[in-house]
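Chain and residue survey
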Amino acid sequence: MEWLRTVFAVSQRRACGLLRYNRASYYYEPVVKDERALILRLRELAFTRVRYGYRRLAVLLQREGWNVGKKRVLRLYRAENLLVRTKHRKKRTSHLRVNLGPSTAPNQRWSMDFMSERFENGRYFRILTIIDQFSRECPLLWADLSLTGPKVVACLGVLAGTRGLPMVITVDNGSEFCSRAMDVWSYRNGVKLDFIRPGRPVENGFIESFNGRLRDECLNVHVFFDLADARKKLEAWRHDYNEVRPHGSLAKLTPSEFARRASPLGGSGPQTKHPLAGVPLGRQPSSIPSRKLARSLVQ
């Protein structure tokens, strides 16, 4: 524009007309928004939630009152180099077994499994993980040096007194779940143990996915010094997972919020202490909610 006006000695109006360039665009001066506060808060959340992507961080910012969209958060997320490193796995075809059908009411079906982790001194301990298939809520994370069949029965007995039991629990073929103690307990309480086929953990996909989140967001982040320290940190993460963490399969609701909306009783509010500490837990739904159902509960 300036070259044209200088060489041919034409006015600014004439130059804009020749180039078919809007004069308002020529005079426009961009206004740079001050995003320092937003960037600072985004970095704080990213450093606190080290395995959260930009979508979950955007949900957390919106909950705090920030008027931001996911695209704006993504732009700042990339500019601050906060990208989460992930491994891309190859998809493989697999044969699925006959589906038992999704549950349609609270507390119908749970999934249960074990995980292993090490203390700071290298000694291993085990973690019992339980998840509600409907609300994706975690009613219990219990760490111990060893978890036998009777210990699993004791944990389930506490949950039976605080929130009730499901009709079906999906488990693998581990010795603890196949033990006589579990067999007697399930018969007395009318709970069916749905054993997956050996070597097919994908058939218990809900708990496998949950274990991945637990490993990624908690076990790989913290150092555990003893059993008491492990139980404290696991319970803190469980509460955060149930009450704060937005879940992608539940229309960005937290599992507890989804449970309260889906439950005919409306739930009983957030839980802050561990079930084995004697504090009652709220009733939580259990099923396989579709995305359509999740969105309907939000409305």
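Residues numbered from 1 in each chain as written. Predicted model: local features only at pLDDT ≥ 70, side-chain atom pairs only at ≥ 80, totals over all residues. Heavy atoms only, no water.

1. Digging into the sheet that holds strand β4 (residues 168-171)
Applicable threshold: The criterion for strand pairing is that DSSP finds at least two bridges linking the strands in question. Under the DSSP-based scheme used, a helix requires at least four consecutive residues in state H or I and a strand at least two consecutive residues in state E, with every element numbered from the N terminus. Lines fitted to C-alpha atoms define the axes here, with helix axes fitted over just the stretch in contact, and angles between the N-to-C directions of these axes take values from 0 to 180 degrees.
Read from one edge to the other, the open sheet built from five strands follows the order β3-β2-β1-β4-β5, with strand pairing classed as mixed. Single-partner strands in this sheet number two, and they are β3 (140-144) and β5 (192-195). Across the sheet, the mean angle from the axis of one strand to that of its neighbour is 25 degrees, orientation sign disregarded. Judged from the five bridges that link them, strand β2 (residues 124-132) and β3 form a sheet pairing that is antiparallel. Bridging across to β3, Arg 126 finds its partner in Asp 144.

2. Side note on the pattern of salt bridges
Heads up, the condition is: Salt bridges are defined as contacts in which a side-chain nitrogen from Lys or Arg sits within 4 Å of a carboxyl oxygen from Asp or Glu. Accessibility here uses a 1.4 Å probe with only protein chains present; expressed as a share of the type maximum, an area under 20% marks a residue as buried, one over 50% as exposed, and anything in between as partly exposed.
Taken as a whole, this structure holds 18 salt bridges when the rule is applied. Here Glu 35 and Arg 75 are joined by a salt bridge, their closest N and O atoms 2.9 Å apart. Separated by 40 residues along the polypeptide, Glu 35 in the loop between α3 (23-27) and α4 (36-48) and Arg 75 in helix α6 (residues 70-79) bring together distant segments of the chain. Given the relative accessible area of 13%, Glu 35 is considered buried. For Arg 126, the salt bridge goes to Glu 176, with nearest N and O atoms at 2.6 Å.

3. Side note on the pairing of strand β1 (residues 109-118)
Where a strand is regular, its side chains alternate between the two sheet faces. Counting buried residues along β1, eight of its ten residues qualify, which places the element largely inside the surrounding structure. Taking the residues between adjacent antiparallel strands as the criterion, β1 and β2 are bridged by five residues, where Gly 122 takes a positive phi near 95 degrees.

4. Describing the packing of aromatic side chains
Under the convention used in this document: Pairing of aromatic rings covers Phe, Tyr and Trp, the last through its six-membered ring, and needs centres within 6.5 Å; plane angles under 30 degrees mean stacked, over 60 mean edge-to-face, and all others mean tilted.
Following the criterion strictly, the structure yields ten aromatic pairs and no others. Relative to Phe 8, the ring of Trp 3 has its centre 6.0 Å away and its plane inclined at 85 degrees; by these criteria the two rings are edge-to-face. Of the residues examined, Trp 3 reaches a relative accessible area of 59% and is grouped as exposed. Both rings, one in Phe 114 and one in Phe 177, keep their centres 4.9 Å apart while their planes meet at 15 degrees; by these two values the pair is stacked. Placement of Phe 114 in strand β1 and of Phe 177 in the loop between β4 and α8 (180-189) is noted, with a sequence separation of 63 residues between them. The same class applies to Phe 114 and to Phe 177, which are both buried.

5. Here's the deal with the side chain of Gln 12
Let me state the cut-off plainly: Pairing of N or O atoms within 3.5 Å defines a polar contact, subject to two protein rules: one partner must be a possible hydrogen donor and the other a possible acceptor, and residues neighboring in sequence count only if both atoms are side-chain atoms.
Its place among the elements puts Gln 12 in helix α2 (residues 12-19). Assessed through its relative accessible area of 8%, Gln 12 is described here as buried. A distance of 3.5 Å separates a polar atom in the side chain of Gln 12 from a polar atom in the side chain of Arg 23.

6. Brief notes about the confidence of the model for the chain
Put simply, the rule is: The pLDDT value tells you how sure the predictor is about a given residue, anywhere from 0 up to 100. In this analysis, two residues are considered to be in contact whenever any of their non-hydrogen atoms come within 4.5 Å of each other.
Mean pLDDT over the chain stands at 82; residues scoring 70 or higher make up 82%. By mean pLDDT, the top-scoring element of the chain is β2 (96), and the lowest-scoring one is helix α12 (residues 291-298) (51). This stretch, residues 91-98, has a pLDDT under 50; its non-local contacts, to residues over four places away or in other chains, come to eight contacts. Low pLDDT, under 50, characterises residues 267-290; the stretch is placed with 91 contacts to residues that sit more than four places away or in other chains.

7. A look at a positive patch on the surface
Operational definition: Patch definition: residues with relative accessible area over 30% and no salt bridge; like charges joined within 9 Å; nonpolar side chains (Val, Leu, Ile, Met, Phe, Trp, Tyr) joined within 5 Å. The Shrake-Rupley method, run with a 1.4 Å probe, gives the accessible areas here. Residue values count only the displayed protein chains as cover. For this count, His and the chain ends are skipped, Lys and Arg are scored as positive, and Asp and Glu as negative. Here the site of a charge means NZ on Lys, CZ on Arg, CG on Asp, or CD on Glu.
A cluster of basic side chains, namely Arg 55, Lys 70, Lys 71 and Lys 252, defines a positive patch on the protein surface. By the element assignment, Arg 55 lies in helix α5 (residues 54-63).

8. Overview of the nonpolar core
Defined as follows: The criterion is simple. A nonpolar core is a set of buried Ala, Val, Leu, Ile, Met, Phe, Trp, Tyr and Cys residues joined through side-chain atoms within 4.5 Å.
Ranked by internal contacts, the top residues of the largest apolar core, which has 20 residues, are Met 112, Leu 128, Ile 130, Val 152, Leu 156, Ile 169 and Met 182. Elements with a minimum of two residues in this core: β1, β2, β3, α7 (149-162), β4 and α8. The residues touching Ile 169, leaving out its near neighbours within four places in the chain, are Trp 110, Met 112, Leu 156, Trp 185, Val 191, Lys 192, Leu 193 and Asp 194. Phe 125, Ile 127, Leu 219 and Ala 230 belong to the second-largest nonpolar core, a separate cluster that totals 19 residues.

9. Description of the environment of Leu 193
Looking at where Leu 193 falls in the secondary structure, it is placed in strand β5. Along the backbone, Leu 193 and Val 168 are 25 residues apart, and their C-alpha atoms lie at a distance of 5.9 Å. Among residues more than four places away in sequence, those in contact with Leu 193 are Ile 169, Phe 177, Met 182 and Ser 186.

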